[in-house]
Amino acid sequence: MNNNIIPLHMVPIGSFALVRELISDGSSRRRMLDLGLIQDTEIKSLRRSPSGDPVAYQIRGAVIALRSEEASKILVEVI
């Protein structure tokens, strides 16, 4: 595994990343794909909720909140 590949929930706020792999399956994987999370999609980590979970991400022009459990199944490369 490339050392630059990390789970999405570990991306610092304000940073950009590229999707490299989805490690979920079933309906969870289908939801991620429906949100546009395919390989090489650019994601920006926008802000964390006051409790720390979920985190808002900008994906293909839309702002989407993902919980750490979901974001941990999206492997990205920080750019």
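To be clear, the structure that these remarks concern was listed above.
Residues numbered from 1 in each chain as written. Predicted model: local features only at pLDDT ≥ 70, side-chain atom pairs only at ≥ 80, totals over all residues. Heavy atoms only, no water.

A word on the pattern of salt bridges
For step 1, the next point in the chain: Using the criterion set out here, one finds five salt bridges in the structure.
For step 2, the next point in the chain: Notably, a salt bridge pairs Asp53 with Arg67, separated by 3.9 Å at the nearest N-O pair. With Asp53 in the loop between strand E3 (42–48) and strand E4 (55–59) and Arg67 in the loop between strand E5 (62–66) and helix H2 (68–71), the pair connects residues that are 14 residues apart, well separated along the chain.
For step 3, the next point in the chain: Judged by its relative accessible area of 46%, Arg67 is partly exposed. (Salt bridge = Lys/Arg side-chain N within 4 Å of Asp/Glu carboxyl O. Helix = DSSP H or I, 4+ residues; strand = E, 2+ residues; numbered from the N terminus. Buried < 20%, exposed > 50% of the residue type's maximum accessible area, 1.4 Å probe, protein only.)

Side note on the sheet that holds E5
For step 1, the next point in the chain: Pairing in this open sheet of six strands is antiparallel, and the strands run E1-E6-E2-E3-E4-E5 from one edge to the other. Of all the strands in the sheet, the pair left with one neighbour each is strand E1 (5–7) and E5. Taking the axes of each pair of neighbouring strands and ignoring which way they run, one obtains an average angle of 45° across the sheet.
For step 2, the next point in the chain: Direction of pairing for E3 relative to E4: antiparallel, over a ladder of five bridges. Within E4, the residue paired with Lys44 across the bridge is Gln58. (Pairing = 2+ DSSP bridges. Axes fitted to C-alpha atoms, helices over the stretch in contact; angles between N-to-C directions.)

Structural notes on the nonpolar core
For step 1, the next point in the chain: Core analysis: the largest hydrophobic core is formed by 16 residues, its most contacted members being Leu8, Leu37, Ile43, Tyr57, Leu66, Ile74 and Val76.
For step 2, the next point in the chain: The set of elements that each furnish at least two residues to this core consists of strand E2 (16–22), E4, E5 and strand E6 (74–78).
For step 3, the next point in the chain: Contacts of Leu66, omitting those with residues within four sequence positions, involve Leu8, Arg31, Leu35, Asp53, Pro54, Val55, Tyr57, Ala71 and Ile74. (Core = buried A, V, L, I, M, F, W, Y, C linked by side-chain atoms within 4.5 Å. Contact = heavy atoms within 4.5 Å.)

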